[in-house]
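If you want the building blocks of each chain, they are given just below.
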Amino acid sequence: MSAKKVTKSSRRFATPHIYTYSTTRTPAPANNKTPPALTTVSEEEAAFSKLELFLSAFPGTEQPNGGDRIDGFTELRETFIRTIQFFWPKYRHQLRITAVLDDNLYRNEEEKQSLIAKFQSLFFFYDDDDDHDNEMIGNSTSSNTSADVSSNTTTKTTTTSIATSSKLPTTKTQLNIAFNPRSNSSLYGSGWYMQQLIMFWADNFTDAEYIGFVDDDTLVTRAIVPHDLFDEKGRPRVIGNLPRAGVKEWMEASEYTFKRKAYVYTMTYFPVVIKTEHIRKMREEILKLHPEHGYFDEFYLALIHRKYPQKHISSFSQFCIMMEYLFQYHQEEYDWHFESSPPAMIEEETSTTPHYTREMFKPFPRVSIHGSYLFMAVKKLRHANTVNGRNEAVTNIMKEGYCYSLPKWNATDVTARHCARYNVDSQCFDRGQWRFEQYPSFWYLNNSTEACAVHKRRMQLNPPDHLWNKKELQRMFGY
């Protein structure tokens, strides 16, 4: 794709404004007890405290007469927001989210502020427990970010501050709302492609040390602890697979990008946690491999038109490309877990390909699943794509995940009533930990004994001080 075919406006990253809001109307103490101070901080906990979640969102299609189809903001609310607010360890770690919306969704400042208010309201819908302090940090503060795409460098000026004690945990949520200047669908492709492109520039929207990418249909399945996302050395965990398990066209995109055989397939888990500085380094490395392109967006346009230069766009996975880069250039800075194949095939992979080690094939449980791809049965899939159906499916998984998140499921009469049906002591929470979409994990299929042993060890880390939203529990269990 020649630079001459790219409009002048695409040569620079327009300066976005990032608005910081709170997700509740009034602050209230979580309880009457002073939260315990953290006396020691492990490497994984220290890394976790530097994590900010990142998502690219869109409102979806307006439905006449209050339609029930799941779409856009509604899917985000019913799937990701509801579950992350319930399962995030707010008692110890602040929930920080940066959300990027397209800048062509409004025509004037009034519509822009209305859109911001609408998005903010999504976080009030389920997290309405008065026993929680979910006060918003800041009040319409802003962060300005610019990037010179011709040299692939970024410059930041940030005015957002986080009022958090270094010793005491906080239940306050920081929500940053930014706008994507790359919203020209005739140039960059439809919304799905633009959402992927903006993630390649995510370091322009945050100063966090780590970014955790999620989709709007990410469904968190149990209480999260730092160990789930970082190892004991403070390295982000990767739960992936080998290229033969991936979408062929996506693997071809990785090979096109790095001019070699693909090593990983990683559209396989959420959140995809990456050290923020590695995103910039990845863009720089890709441009070194493709010197015919003067800046990253030009490479992106060549990538999506690699097969059909005129109209048809070829797909790719931003997560596969990101992890392909990290596996080659920063492998030791991440903790890799590839879903296992039969033992003989693992032996073949580790003996013939020096990039893999046997350690990388050890199972590790997920903390979320891809909510839109849970069912193979057509009727169930159609039902889950309605608001009522999605609510029902998410509620069922949340109930089970809640029971698997307790230090002891039958510690009280109430939790015993909630959890008796799930056989927590003998089962392994297959659909919440050992699958990403509708298909069971290779780990679970090939060696359920080992997977269940890992599950049992993880259960020992269930937090005794997780703040459970009482009103959400009432909605889930009916009492």
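Residues numbered from 1 in each chain as written. Predicted model: local features only at pLDDT ≥ 70, side-chain atom pairs only at ≥ 80, totals over all residues. Heavy atoms only, no water.

### Focus: the state of the cysteines
Between two cysteines, a covalent bond joining their sulfur atoms is known as a disulfide.
Inference 1: What the rule picks out here adds up to two disulfides.
Inference 2: Note on cysteine connectivity: cysteine 403 is disulfide-linked to cysteine 419, with sulfurs 2.1 Å apart. A torsion of -85° about the S-S bond marks the disulfide between cysteine 403 and cysteine 419 as left-handed. Placement of cysteine 403 in helix 13 (residues 387-405) and of cysteine 419 in helix 14 (residues 413-419) is noted, with a sequence separation of 16 residues between them.
Inference 3: Assessed through its relative accessible area of 0%, cysteine 403 is described here as buried.
Inference 4: A relative accessible area of 0% places cysteine 419 in the buried class.
Inference 5: Should the bonded cysteines of the chain be numbered as they appear in the sequence, the pairing reads 1-2, 3-4. (Disulfide = S-S within 2.5 Å. Helix = DSSP H or I, 4+ residues; strand = E, 2+ residues; numbered from the N terminus. Buried < 20%, exposed > 50% of the residue type's maximum accessible area, 1.4 Å probe, protein only.)

### Section: the layout of surface pockets
Over the atoms rolls a probe the size of a water molecule, and its path tells where empty space is left.
Inference 1: Looking at the largest pocket, its volume works out to about 940 Å³.
Inference 2: Lining the largest pocket are 41 residues, with Met267, His370, Tyr373, Phe436 and Glu437 sitting closest to its centre.
Inference 3: Among the secondary structure elements, those contributing two or more residues to the lining of the largest pocket are helix 5 (191-199), helix 10 (318-329) and helix 16 (442-446).
Inference 4: Tallying contributions element by element places helix 5 first for the lining of the largest pocket, with five residues.
Inference 5: Considering only residue class, the lining of the largest pocket consists of 19 nonpolar, 13 polar and nine charged.
Inference 6: A volume near 510 Å³ is recorded for the second largest pocket. (1 Å grid on protein atoms, 1.4 Å probe; cavity = no way out; pocket = protein on both sides within 12 Å on 5 of 7 lines; lining within 4 Å. Points joined across faces, edges and corners; volume = space filled by probe spheres on them. Nonpolar A, V, L, I, M, F, W, Y, C, P; charged D, E, K, R; others polar.)

### Observations concerning the packing of helix 2 (residues 72-87) against helix 13
Inference 1: At a closest axis distance of 10 Å, the pairing of helix 2 and helix 13 adopts a crossing angle of 15°. Classified by the angle between their axes, helix 2 and helix 13 sit roughly parallel to one another. In the crossing of helix 2 with helix 13, the sense of the turn from one axis to the other is right-handed. Where helix 2 approaches helix 13, its residues Thr74, Glu75, Arg77, Glu78, Thr79, Arg82, Thr83, Phe86 and Phe87 are matched on the opposing element by Val387, Arg390, Asn391, Val394, Thr395, Met398, Gly401, Tyr402 and Ser405. (Axes fitted to C-alpha atoms, helices over the stretch in contact; angles between N-to-C directions. Parallel < 35°, antiparallel > 145°, perpendicular 65-115°, else oblique. Left-handed = near helix turned anticlockwise from the far one by under 90°. Contact = heavy atoms within 4.5 Å.)

### Details of the environment of glycine 246
Inference 1: Residue placement: glycine 246 occurs in the loop between strand 9 (237-240) and helix 7 (248-258).
Inference 2: Taking C-alpha positions, glycine 246 is 9.3 Å from threonine 268, a pair spaced 22 residues apart along the chain.
Inference 3: Not counting chain neighbours up to four residues away, the residues in contact with glycine 246 comprise Met251 and Tyr265.

### Re empty space enclosed by the protein
Inference 1: For the coordinates displayed, the defined rule picks out four cavities of 30 Å³ or more.
Inference 2: Of the volumes computed, that of the largest cavity is approximately 80 Å³.
Inference 3: The wall of the largest cavity is formed by Asp228, Leu229, Arg237, Ile239, Tyr269, Phe270, Pro271, Val273, Pro365, Arg366 and Val367.
Inference 4: Every element with two or more residues in the lining of the largest cavity is listed here: helix 6 (226-229) and strand 9.
Inference 5: Roughly 50 Å³ of internal volume is contained in the second largest cavity.
Inference 6: Lining the second largest cavity, in full, are Leu53, Phe80, Ile84, Val214, Thr218, Val220, Ile224, Phe270, Pro271, Val367 and Ser368.
Inference 7: Put simply, the parts of the chain that give the lining of the second largest cavity at least two residues each are helix 2 and strand 8 (218-220).
Inference 8: When grouped by side-chain class, the residues that make up the lining of the second largest cavity number nine nonpolar, two polar and no charged.

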